[in-house]
Amino acid sequence: SMAGWLVTIGYSALPYGFLLSVVVSAFFAATALKKIVSRLVESPSAAQLRTTLADALDDPSLELGFRLEQADGFVDSAGEPLTFLPPAGQSSTPVTRNGETVAVIMHDAALETDPELVAAAGQALQLAIENGRLTAELQSTNEELSTLNDELQARNAALVRMNDDIENLLGAVEIPILFVGTDL
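Residues numbered from 1 in each chain as written. Predicted model: local features only at pLDDT ≥ 70, side-chain atom pairs only at ≥ 80, totals over all residues. Heavy atoms only, no water.

## Observations concerning the side chain of Ser 91
Then, number 1: Within the secondary structure, Ser 91 is located in strand E3 (residues 90-97).
Then, number 2: Given a relative accessible area of 16%, Ser 91 falls into the buried group.
Then, number 3: Sequence-distant contacts of Ser 91, defined by excluding residues within four places in its chain, comprise Pro 86, Ile 105, Met 106, His 107, Asp 108, Ala 109 and Glu 112. (Helix = DSSP H or I, 4+ residues; strand = E, 2+ residues; numbered from the N terminus. Buried < 20%, exposed > 50% of the residue type's maximum accessible area, 1.4 Å probe, protein only. Contact = heavy atoms within 4.5 Å.)

## Details of the side chain of Ser 77
Then, number 1: Mapped onto the fold, Ser 77 is located in the loop between strand E2 (74-76) and E3.
Then, number 2: Those residues in contact with Ser 77 that lie beyond four places of it in its chain are Ala 46, Ala 47, Arg 50, Glu 63, Leu 64 and Phe 66.

## Details of a nonpolar patch on the surface
Then, number 1: Taken together, the side chains of Met 2, Trp 5, Leu 6 and Ile 9 define a hydrophobic patch exposed on the protein surface, amounting to about 510 Å² of accessible area.
Then, number 2: Along the chain, the position of Ile 9 falls in helix H1 (residues 2-40). (Patch = residues over 30% accessible without salt bridge, like charges linked within 9 Å, V, L, I, M, F, W, Y side chains within 5 Å. Areas by Shrake-Rupley, 256 points an atom, 1.4 Å probe, with all protein chains shown as cover. Salt bridge = Lys/Arg side-chain N within 4 Å of Asp/Glu carboxyl O.)

## Notes on the nonpolar core
Then, number 1: Judged by nonpolar contacts, the single largest core of 18 residues is most densely connected at Leu 62, Leu 64, Ile 105 and Leu 125.
Then, number 2: Secondary structure elements with two or more residues in this core: helix H2 (46-56), strand E1 (63-67), strand E4 (100-108) and helix H3 (115-183).
Then, number 3: The element contributing the most residues to this core is H3, with 5 residues.
Then, number 4: Contacts of Leu 125, omitting those with residues within four sequence positions, involve Leu 49, Leu 53, Leu 64, Phe 66, Val 95, Ala 103 and Ile 105. (Core = buried A, V, L, I, M, F, W, Y, C linked by side-chain atoms within 4.5 Å.)

## Concerning the pairing of E3
Then, number 1: Of the strand pairs in this sheet, E3 and E4 are connected by 8 bridges, and their pairing is antiparallel. Note that in E4 the partner of Thr 93 across the bridge is Ile 105.
Then, number 2: Connecting E3 to the next strand, E4, in antiparallel fashion are 2 residues, including Asn 98 with a positive phi near 55 degrees. (Pairing = 2+ DSSP bridges.)

## Quick notes on the pattern of salt bridges
Then, number 1: Under the criterion given, the structure shown has 4 salt bridges.
Then, number 2: Note that Glu 100 and Arg 67 form a salt bridge whose closest N and O atoms lie 3.9 Å from each other. Remark: Arg 67 occurs in strand E1 and Glu 100 occurs in strand E4; sequence separation between them is 33 residues.
Then, number 3: Take Glu 100: its relative accessible area is 44%, and that puts it in the partly exposed class.
Then, number 4: Its salt-bridge partner being Glu 137, residue Arg 133 comes within 2.9 Å of it at the nearest N-O pair. Linking Arg 133 with Glu 137, this pair stays in helix H3, spanning 4 residues, or about one helical turn.

## Things to note about the pairing of E4
Then, number 1: One ladder, built from 4 bridges, connects E1 with E4; its direction is antiparallel. Bridged to Phe 66 within E4 is Ala 103.

## So, the sheet that holds E1
Then, number 1: Reading across the sheet, the 4 strands line up as E2-E1-E4-E3 and stay open at both edges, with antiparallel pairing between neighbours. Since the sheet does not close on itself, it has two edges, and those belong to E2 and E3, each with one partner. In this sheet, neighbouring strand axes are inclined to one another by 25 degrees on average, regardless of whether the strands run parallel or antiparallel. (Axes fitted to C-alpha atoms, helices over the stretch in contact; angles between N-to-C directions.)

Printed below as a string of structure tokens:
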């Protein structure tokens, strides 16, 4: 009968539908990660980083929380204090480094169906945070080296002036000694 054939075709098509959903999901994840990584090269600000992740994960409600180094707490991408109670329909995923939470991604609960994608976005976020930290550290070191270089140049210039003064003094002392030496 026709109903039997439809059931048979339906059961036969079910694995293909599942396979198609896995392929589409993998394609979405690959595209999202490609977007994230390509934009991380630009050393984005916190707001730009939030926008990048929100666009890549297709979640305009996404918000990021960053741990404050000096205080115990988190701030959002605008620098405002962040509470960890996500609104209805949202979830939060911690981003950890060496067992310590360094950031949190607050995202649409629908993304919980693809935890690998959210975890990969978290790793990209961690890379961006670490990149920013290292860039700031390098900039600070460069500023210190520049200051030390300026100090060394100033001291070198002072030594050159002192050397010139000593040479002038010795030159002035030589003349009377020469005259005294020739009179004898």
